[in-house]
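Fold and geometry: a report
Spelled out, the chains give:
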Amino acid sequence: MSWTRQHFLDIESLSAEEIITVLDTAKAFKQVGERAIKTVPALRGKTVVNLFVEPSTRTRISFELAAQRLSADVINFSADASSLKKGETLKDTARNLEALNADIIVVRHSASGAPHFLSRFLKSSVVNAGDGAHEHPTQALLDTFTIRERRGEIAGLKVTILGDILYSRVARSNIWALTKLGAKVTLCGPPTLVPRVFEQLGCRVTYDVDSAIADADIINLLRIQHERQRKTMFPSLGEYTSLFGLTRARLAKTKPDVLIMHPGPVNRGVEIDSDVADGARSVILEQVTNGLAVRMAVLFLVNRGKEVPAGKAATLTV
Amino acid sequence: MSWTRQHFLDIESLSAEEIITVLDTAKAFKQVGERAIKTVPALRGKTVVNLFVEPSTRTRISFELAAQRLSADVINFSADASSLKKGETLKDTARNLEALNADIIVVRHSASGAPHFLSRFLKSSVVNAGDGAHEHPTQALLDTFTIRERRGEIAGLKVTILGDILYSRVARSNIWALTKLGAKVTLCGPPTLVPRVFEQLGCRVTYDVDSAIADADIINLLRIQHERQRKTMFPSLGEYTSLFGLTRARLAKTKPDVLIMHPGPVNRGVEIDSDVADGARSVILEQVTNGLAVRMAVLFLVNRGKEVPAGKAATLTV
Amino acid sequence: MSWTRQHFLDIESLSAEEIITVLDTAKAFKQVGERAIKTVPALRGKTVVNLFVEPSTRTRISFELAAQRLSADVINFSADASSLKKGETLKDTARNLEALNADIIVVRHSASGAPHFLSRFLKSSVVNAGDGAHEHPTQALLDTFTIRERRGEIAGLKVTILGDILYSRVARSNIWALTKLGAKVTLCGPPTLVPRVFEQLGCRVTYDVDSAIADADIINLLRIQHERQRKTMFPSLGEYTSLFGLTRARLAKTKPDVLIMHPGPVNRGVEIDSDVADGARSVILEQVTNGLAVRMAVLFLVNRGKEVPAGKAATLTV
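Residue positions are given per chain, counted from 1 along the sequence in the order it is written. Written order decides the labels, with chains lettered from A and ligands numbered from 1. This being a predicted model, a pLDDT of at least 70 is required before a residue's local features are given, and a value of 80 or more before pairs of side-chain atoms are given or counted; all residues contribute to the totals for chains, interfaces and linings.

Each copy superposes on the other: chain C lies on chain B with an RMSD of 0.0 Å after a rotation of 120° and an axial shift of 0.0 Å. Expressed as an axis order, the relation between the two copies is that of a three-fold axis. Alignment of the copies relies on least squares applied to C-alpha atoms, considering only residues that score at least 70 for pLDDT in both.

In structure tokens form, the structure reads like this:
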């Protein structure tokens, strides 16, 4: 188990071994979450700043709880009330947080690459909590953690990601994580939202939902972001549900032990039937629980990574 | 002193003995608040989430401070920035918080019954911080605590609640608490806001303010919510003040040791004269201080209640 | 080193010795910020409330971190979501916070004198985090701290404050602090924003920027608040930059060891060239770091001041 990185920016640049390190560390932290006292002193006296330039209550709360359970101090900094409105650049905002001795800056931003940009000049650790349509690496790791916990081994599994692939940072990060660990990934959805170019990432692309789900071990549904979905991408929500929604009828055609995943928040009756979301095969709430453990692992590791001499891997004991 | 409940939803379903348990526990916690170090480790490593779907700074801060003083980690989740805006159901939001290992979820919601609904499926404890026009049980207990601290015994006291009874969750919870403990409750206000049906709860209803306050031991004034008050309920604020406001002139006609209460925020010059609010008989700020102790007690008790085997009462020592 | 004040309201009423006490205390706390564990138990079990009636993310976060590092519990109370909107007076809001046992209330308000007003009746300590166009005393002390750390001694230094002096609480507080410690202060900017009346505070006023910066040891640039600047004060941002902006060309005409300061957020290309802001003479980010130490010192001192018998100075060891 080894980790030398100061920042946690994406899955694309991680090795399979590094991904496994995060998952193993998260496993240890998940056990902490099951104790009566869920706090460990790993980051006592450290400051974690949630710099959320794009709003996200769920991910922010998950990181906030993860930091609290590591005994860190947490500051929430949202764009709404911030100097960014007064014309300050993102770089200046981040350097100010660094000047306040922030040890870790968790960044959510609507611009792809924003965390990478910040990581180039900050001494604070930068953690990507979702950047534009690029990556959402902790989401991919919590998905992978959930699959691994349920199935033991990722290699060889057939994972179908269903929905809006084109604009989804969740899909991109999942594709990287799953293919690095040896899973076979199928992408499915409306042709406007699932371009063939994704085949270059080693995925199968299909527009036939029945074939996409028939032999899948895992089906990961993406949220249809109907509050901001591009009008031109598909005719209507009803049409989407009819063609690609995971209905009870479609579930009947899947493997009996298929796992149903969804990053949330769920649109019941749109991309998934309500009783499928709540059914025995759904691991949607397990994903939420595992997200906390994965984020504790990431915060813990980047903090250690910062303290490790360059080029030398730290051996970690949680 | 005994408590076996996992949730704290309303006063209606509590026994007098349970109410006394909360008040006695709060008394112990009030003493903690007077020490130089006001923190106790009772909920260390536990997570309290304030799920406020209807805004309320005062009650939220009181619960936040109460949780901090019990050494819990606190997360604030307000509807404004939340997934609820993206169409997620309240049930899904709450189950997500539970999946994040929230031990206690404090709920404020504009819909009556929202906390009861959540309590039916959550393993987390649910605490009602005000639901619609239904109940605001911690407010009633802090009012009762204040009366008890000042007068020793609730039974036999004459309490007049004055103002908008119809739409007031504070009034409903107070009526339950006071009548269970043996007080005699009089309701007074404009006939449009004080329907006779409240007599079925064991209260006296009168529209004659002089008779309502003449022999009262306690006068509890309700806030006229003029920013959202239904226009058709009374002609004007000035008319309300003239007919039902607790002016200096009216105060002169009350018992010399009457206690003046108000849940806040106070509309000075509307339901109460400014110098009556600040006068020697007013216990309005004591109510605020006592609210903290009562909320500490409630958080403490529901956490214990969750850990007690069903059907068996825990003996508590604070 | 002595301090007997319960409140921290302005620089105007402080003696030079008191200013030095804050700076010396801050120096000790700055060293704490450089440790791996940046927390000290000085305010454990105490409650600090940030009562920000005027929004300010930067100052609020600085105070929040300062309080956290002293192990205090922190509550953020912003006007947006508060009872103030429901017509509650500032006095009632503050007395409610006091009733919740708030030990220290940090106030930012758009009205000059708001913290002084609150200090007249609160038992909680009041700290001024900026009041109208009056004072921003912690900003002045962090500026002074930064100068002192770099130059050793304030007395005799030539400090030029450049920009909107008239509406700037930062300027006012800096003038008081610097002149009390023996610096020579020059004010410069458009005549509409730098009235001659400031000469009565012991400052030199000039509208000739070249003369203002030529022999300055420190140039403190004020932010042009273009989002709310009075339209009639100067013709355009471009004209301001051309006449008073600290460009590379102007920097070449200053002393080689001049220090460039700015309270932030910086308008790059308006009051300062981007590479001047990032250049070797700029101490802008040091100011941010020092702000944390100064605010820790202020919170620490007012808490001690409250516990000291009136008329008797406490000897402090940090």
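From this point, things continue past the structure.
A few words now on the domain arrangement of chain A. Residues and elements named next belong to chain A. Entries for chain A in the domain assignment read domain 1 (2-135 + 291-309) and domain 2 (137-287). As annotated, the domain borders come from an automatic or database domain assignment. The distance between the C-alpha centroids of domain 1 and domain 2 comes to 26 Å. Each residue is represented by a C-beta atom placed from its backbone, and any two residues with such atoms within 7 Å are regarded as in contact. Contacts between the two partners involve 22 residues from domain 1, matched on the other side by 19 residues from domain 2. Segments assigned H or I by DSSP are reported as helices when at least four residues long, segments assigned E as strands when at least two residues long, and all are numbered from the N terminus. Every element with two or more residues in the side of domain 1 that touches domain 2 is listed here: helix 1 (16-33), strand 5 (125-131) and helix 11 (284-307). Ranked by residues supplied to the side of domain 1 that touches domain 2, first place goes to helix 1 with five residues. Broken down by class, the residue content of the side of domain 1 that touches domain 2 amounts to eleven nonpolar, five polar and six charged. Charged means Asp, Glu, Lys or Arg here, nonpolar means Ala, Val, Leu, Ile, Met, Phe, Trp, Tyr, Cys or Pro, and polar covers whatever is left, Gly included.

Turning to the nonpolar core, a few remarks are in order. Only buried Ala, Val, Leu, Ile, Met, Phe, Trp, Tyr and Cys residues enter a nonpolar core, and they are joined through C-beta atoms within 7 Å. Neighbour density around each residue's C-beta defines its exposure: 20 or more other C-beta atoms within 10 Å make it buried, 12 or fewer make it exposed, and counts between make it partly exposed, where C-beta atoms are placed from the backbone. If you look at the biggest cluster of nonpolar residues, it comprises 284 residues, and the most contacted ones within it are Ile105 and Leu299 of chain A, Ile105 and Leu299 of chain B together with Ile105 and Leu299 of chain C. For Ile105 of chain B, the contacting residues outside a window of four places in its chain are Val49, Leu51, Ala94, Leu97, Leu118, Leu122, Ser124 and Val126 of chain B.

A cis amide bond links Gly264 of chain A to the next residue, Pro265 of chain A, at an omega of -10°. Here Pro265 of chain A shows up in the loop between strand 10 (259-261) and helix 10 (274-277). Here Asn101 of chain B, not a glycine, exhibits a phi torsion of approximately 65°, which is positive. Note on placement: Asn101 of chain B falls in the loop between helix 3 (90-99) and strand 4 (104-109).

Contact with chain C, which involves 19 residues of that partner, is made by 23 residues of chain B. Elements represented by at least two residues in the side of chain C that touches chain B include exactly strand 3 (73-78) and helix 3 (90-99) of chain C. The element that contributes the greatest number of residues to the side of chain C that touches chain B is helix 3 of chain C, accounting for four residues. Of the residues belonging to the side of chain C that touches chain B, the class tally is five nonpolar, eight polar and six charged.

Looking now at the interface of chain A and chain B. Contact with chain A, which involves 23 residues of that partner, is made by 19 residues of chain B. Counting residues per element, the ones that place at least two in the side of chain A that touches chain B are helix 2 (57-69) and helix 11 of chain A. It is helix 2 of chain A that contributes the most residues to the side of chain A that touches chain B, seven residues altogether. Class assignment for the residues of the side of chain A that touches chain B results in ten nonpolar, eight polar and five charged.

Moving on, we get to the pairing of strand 7 (residues 184-188) of chain A. Residue and element names in this part refer to chain A. Counting buried positions over the five residues of strand 7 gives four, a clear majority of the element. Any two strands with at least two DSSP-identified bridges between them are counted as paired. Where strand 6 (residues 158-162) lies against strand 7, five bridges are found, and the strand directions are parallel. Counted as the bridge partner of Thr160 is Thr186 from strand 7. Regarding topology, helix 6 (residues 169-180) serves as the crossover connection from strand 6 to the parallel strand 7, and that connection is right-handed. Sheet topology places strand 7 next to strand 8 (residues 204-206); three bridges connect them, and they run parallel. Bridge pairing links Leu187 to Val205 in strand 8. A right-handed crossover is one whose linking path, passing over the helix from the first strand to the second, runs clockwise when the strands point away from the viewer.

This next bit is on the packing of helix 1 (residues 16-33) of chain C against helix 5 (residues 137-151) of chain C. Residues and elements named next belong to chain C. Only C-alpha atoms enter the line fits that serve as axes; for helices the fit covers just the stretch in contact. Angles between N-to-C directions range over 0 to 180 degrees. As a packed pair, helix 1 and helix 5 sit with axes 10 Å apart at the nearest point and diverge in direction by 70°. When the axes of helix 1 and helix 5 are compared, the pair comes out roughly perpendicular. The interaxial crossing formed by helix 1 with helix 5 has right-handed handedness. In contact with Ile19, Val22, Leu23 and Ala26 of helix 1, helix 5 contributes Leu141, Thr144, Phe145 and Arg148. Between 65 and 115 degrees an angle is taken as roughly perpendicular, under 35 as roughly parallel, over 145 as roughly antiparallel, and anywhere else as oblique. The hand of a helix crossing depends on one turn: near helix anticlockwise from the far one by less than a right angle means left-handed, and clockwise means right-handed.

Another aspect to go through is the sheet that holds strand 7 of chain A. Residues and elements named next belong to chain A. The strand order across the open sheet formed by five strands is 8-7-6-9-10, and the pairing between neighbours is parallel. Of all strands in the sheet, those bounded by a partner on one side alone are strand 8 and strand 10. Neighbour-to-neighbour, the strand axes of this sheet turn through a mean angle of 20°, independent of strand direction. Examined bridge by bridge, strand 6 and strand 9 (residues 218-221) share four bridges and lie parallel to one another.

A few words now on the sheet that holds strand 7 (residues 184-188) of chain C. Residue and element names in this part refer to chain C. Judged by pairing direction, the sheet is parallel, and its five strands sit side by side in the order 8-7-6-9-10 without closing on themselves. This sheet does not close on itself; its edge strands, each paired only once, are strand 8 (204-206) and strand 10 (259-261). Adjacent strand axes in the sheet meet at a mean angle of 20°, parallel and antiparallel pairs treated alike.

All names here are of chain B. Relative to the helices and strands, Leu43 resides in the loop between helix 1 (16-33) and strand 2 (47-52). Sequence spacing of Leu43 and Ala67 is 24 residues, and the spatial spacing of their C-alpha atoms is 7.8 Å. In contact with Leu43, other than residues within four places in its own chain, are Ala67, Leu70, Ser71, Ala72, Leu299 and Asn303.

Next up on the list: the environment of Val298 of chain B. All names here are of chain B. Within the secondary structure layout, Val298 lies in helix 11 (residues 284-307). Between the C-alpha atom of Val298 and that of Ala66, which follows or precedes it by 232 residues, the distance is 9.4 Å. Apart from the residues lying within four places of it in its own chain, the contact partners of Val298 are Phe8, Val22, Val127 and Thr138.

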